[in-house]
Amino acid sequence: MNRKGLSNTGYIVIISLLFVLFTAMFTGCATQGFKPRNMAGVSRYFDADKDTVWNAVIQSAEGIPIEMKDGEKGVLRTRWIKGWSADKTTGLLLEGHWQERYRLLIKVNDEQGKTYVSVNAQVETKPPGGSQAYRWNRIPSDGAIEQEFLQKVENMLGEKLR
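Procedures and definitions
Residues numbered from 1 in each chain as written. Predicted model: local features only at pLDDT ≥ 70, side-chain atom pairs only at ≥ 80, totals over all residues. Heavy atoms only, no water. Helix = DSSP H or I, 4+ residues; strand = E, 2+ residues; numbered from the N terminus. Contact = heavy atoms within 4.5 Å. Salt bridge = Lys/Arg side-chain N within 4 Å of Asp/Glu carboxyl O. Buried < 20%, exposed > 50% of the residue type's maximum accessible area, 1.4 Å probe, protein only.

### Description of the environment of Gly74
Residue placement: Gly74 occurs in the loop between β2 (66-70) and β3 (75-78). In this view, Gly74 contacts Lys50, Trp54, Ile106, Lys107 and Val108; residues no more than four positions away in its chain are not counted.

Structure, rendered in structure tokens:
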């Protein structure tokens, strides 16, 4: 009896491909470096009115170059702020430090009698040498920059409401 169909190796190849597809779907790509962020740390409700909170946001951003500021829409975007990475170096022998930059996008909205402020940071790094030293690579924010800015806003509002 001569059956037409897949050989044992054909079945193994198909099962292997399905396995790879399913593991890629459920585990994600390992090269992206995805880390979930705690969104509660980058947004907050304030009991003050929108204008008061907006003024506190502007004062908290003092010293940071601003790219776009729209009080009507409640949106503020800063320019890139460059510095050096505290975490990444090329090692003891080369002593190269990675460059790091970030910019903030701050939104202020009226919601249910309170004012909602959300702060998002875009963070990028660049290695000290090699071909990748010419290109900025986006990395996920750990939320520290956003929390620090919200703390400044909260401190400003605390001083105004006293």
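### Let's talk about the pattern of salt bridges
Oppositely charged side chains can pair when the atoms bearing their charge come close. Taken as a whole, this structure holds 6 salt bridges when the rule is applied. Glu154 is the salt-bridge partner of Arg44, the closest N and O atoms lying 2.6 Å from each other. Residue Arg44 is found in strand β1 (residues 43-46), and its partner Glu154 is found in helix α3 (residues 144-161); the two are separated by 110 residues along the sequence. By relative accessible area, Arg44 is classed as partly exposed at 23%. Overall, Glu154 belongs to the partly exposed group, its relative accessible area being 34%. One salt bridge in this structure joins Glu67 and Arg77, with 3.1 Å as the shortest N-O distance. With Glu67 in strand β2 and Arg77 in strand β3, this residue pair connects regions lying 10 residues apart in the sequence. Classification of Arg77 by relative accessible area gives partly exposed; the value is 28%. Salt bridges linked by common partners bring Glu67, Arg77 and Arg103 together as one network.

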